[in-house]
Each structure stands twice: as structure tokens, then as C-alpha cells.
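A look at the structure
Next come the chains, spelled out residue by residue.
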Amino acid sequence: MSSDIAVRVDGLSKCYHVYDRPQDRLKQSLMPRVQRLFSLPKRQYFREFWALRNVSFEIPRGQTIGIIGQNGSGKSTLLQMICGTLTPSSGRIETEGRVAALLELGSGFNPEFSGRDNVYMNAALLGLERKEIEDRFDDIVRFADIGKFIDEPVKSYSSGMMVRLAFSVQAQIDPDILIVDEALAVGDAKFQAKCFDRLKQLKANGTSILLVTHSSEQIVTHCDNAILLEKGEVLVQGNTKAVVNRYYDVLFGAKQQVIGMDTEVSSATAEPPPEINSHHLSVDRDLFSSRAGYNPYEYRWGDKAAAILDFYLSCDGEAYPTGVKSGALISVELTIQYQRRLINPIFGLTVKNKEGVTLY
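What counts as what
- Residues numbered from 1 in each chain as written.
- Predicted model: local features only at pLDDT ≥ 70, side-chain atom pairs only at ≥ 80, totals over all residues.
- Heavy atoms only, no water.
- Pairing = 2+ DSSP bridges.
- Helix = DSSP H or I, 4+ residues; strand = E, 2+ residues; numbered from the N terminus.
- Axes fitted to C-alpha atoms, helices over the stretch in contact; angles between N-to-C directions.
- Contact = heavy atoms within 4.5 Å.

Here the focus is the sheet that holds strand 1 (residues 5-18). Reading across the sheet, the three strands line up as 2-1-4 and stay open at both edges, with antiparallel pairing between neighbours. Pairing within the sheet leaves two strands with one partner each, and these edge strands are strand 2 (47-60) and strand 4 (90-95). Across the sheet, the axes of successive neighbouring strands diverge by a mean angle of 20°, strand direction being ignored. Where strand 1 lies against strand 4, five bridges are found, and the strand directions are antiparallel. Counted as the bridge partner of D10 is R92 from strand 4. Those strands touched by helix 2 (residues 75-83) are strand 1, strand 2 and strand 4, and its axis lies near 120° from that of strand 1.

Written out as C-alpha cells, the structure reads:
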């Protein structure tokens, strides 16, 4: 494998045998021999479930690749095979250098041992000598920021404390390849920001990172390229924004059924009373993209049963502010055009920081 490539996955597939009854498992272990011995027709007593089919990609050294997809699309199965904890049904995986993986909360931790004992044990399993662990122990504890709990049994930790300590160990060993599977979703905004700063540092040092997350903002912000998995197959890979946009199409695309009556809404019923539209927002033309603060790189997805035509944003009386402070009063007004009759529509508003971490 080329020295510029950290991970190469070629034609990777994983098939599971699903048995409807316990006795079918026994039959499958015995009957093939009987069928061969007596030249009987072959029969299988299981159903095949392909968690992955013919997945191929490469991760150049020092790059971050994001993997995104719906639950059950094969993301975790792929990562476990790259780490070597699962055996592929077919295909080939090549890795270059030390692999560190954070696949499950506290995986490899003994709940009866203290955090300190688990740091030494986990780091030893990752290949560090005791002197190396002692040299890095203070950095691990400082990064985890769990205080006196470092000497308490891990079984008393919250899930957030568990992932803090687990990520700290993995991130401080300077791996050649780091695999992170949704672990950062447990930490708070401050810890997530600290983790991504560490990931940037590792990347600058030449570490290749494989990041699995449901956060599209994290994919766009932190990854060089991305892969979208759907039902165990690679649907698209390449530019992060293009992959994320396709992911939204998969989640909210036109194939989704619209709840409600499939009847057109007349323009007369779509226009709100004049006294409600205090800022003269458009009710018949899409002026959303002409307002201050609009993101020109946005991607709209969905089945177009409804569309936002215009918006007005103010903060403590200032229209379309460039920044807001915590505790300020924010007002948002929208005009929405309905193409179909919808029952009980729900409006959502999310505030995120530049790293894509949800704040409110």
C-alpha cells in the first residue's frame, strides 16, 4: 500500500445469517454434511442479511473522512471491521500504523476498576509502555476534566464522564489512525469544542481520522471528504456538502409521504392578515435569500409541501443582527407558503455555533 494512504477498503461486504428459530441454527450446522453424504438437494435454514455490500474507499494520510447515514446503514459495522473486531465476509482492508478507536462508550473499561486503573490498562492495550503512560497521564486527566472521580470506580460514572475519559486516552496516544463513532455526541458543547481542537491538532500531526456522526455541520466543518451509506452500500462519496445534501434528500426527500390532504391551498388563504405581517414580509415571492445574514451555501430539502418565503430576525430591537449575546431577546417572523393542506405543522428553530454544536 502506498505510504500516502492510511486506510484502504476494497470491495468490503459483511453478511449475517438470521435464524428464525433456535433449532434452525442446529440444522444448519448438521444438515450440510448429511446433504453432501447422501447427495441430497442443498437447503439453507437461515436468511441472509447484508450489513455491507461492496464498499470501497481510501483515506489519505492526514485527512479526515466523515461517514454519514441513517441508523442501520452499516456505519458501525464498517468501523468494527476496520478495527479488526469483526471479520468481513468478503473484501480487503489495509491499514498503515497504529489504530485507535472509540466505538462504544467505555469499551474496554472495567467498571469495577477506578478511572486511574482503566487509563493504565486501556493505554497498555493500545500499545503504550508504562513509562509512556506515566508521562501522558496528567494530560489525559486534564483533558477528561473529571476531577476527583479519576480515583472512583468507573461504574459510578455518568455516560458523559465515561466518554470524556475514553476519548482522552485515545486522543493522547498520538495514533496514526483515529476512529470515532458518535462518541462526541454525549459531551456538552464545551467538551465537544475541546475534542475538535484536539482532532485538528492530531490531523496537523498527520493522523488520519474516520468520523461517524449524524451532525451534518460536523461533517462539513471538520472533514475533507465524506461517504454516505444507505442500506449497506455507498450511495455517494466525495465533497462534504454534496454528500450532506444527498443525505438530507434521503431523510426528507420527495419520496416521503405528506401527512394531510393532497389539495392545493389557494393564494387567498395563504396570505396572512395585514396586521400580523408587521414588517411587510413577502407572501407571494421567495425573498428568503435576499435578506441580510442569509447563508448562500444553504441547501433546502423536503417534498415542497411548504416553503419559507421570507423572514425577519431581530435581537433587542436590532434588525438582522450580525451577532447575538446569551440572554438577549430574539424575535423571528416567517411567511410560509403551503402547497398542500397540512395538519398541525411543527416549526423548529435551532441555534448552533460555528463548529455545528447545537446550543439551543
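What follows picks up the thread again.
Let's shift gears to the sheet that holds strand 8 (residues 225-230). Ordered in space as 5-6-7-3-8-9, the six strands form an open sheet in which the pairing is mixed. The open sheet has two free edges, formed respectively by strand 5 (99-102) and strand 9 (233-238), since each of these has just one partner strand. Sheet twist, expressed as the average angle between the axes of neighbouring strands with direction ignored, equals 15°. Where strand 5 and strand 6 (residues 177-181) come together, four bridges link them in parallel fashion. When the sheet's bridge partners are listed, L102 is paired in strand 6 with V180.

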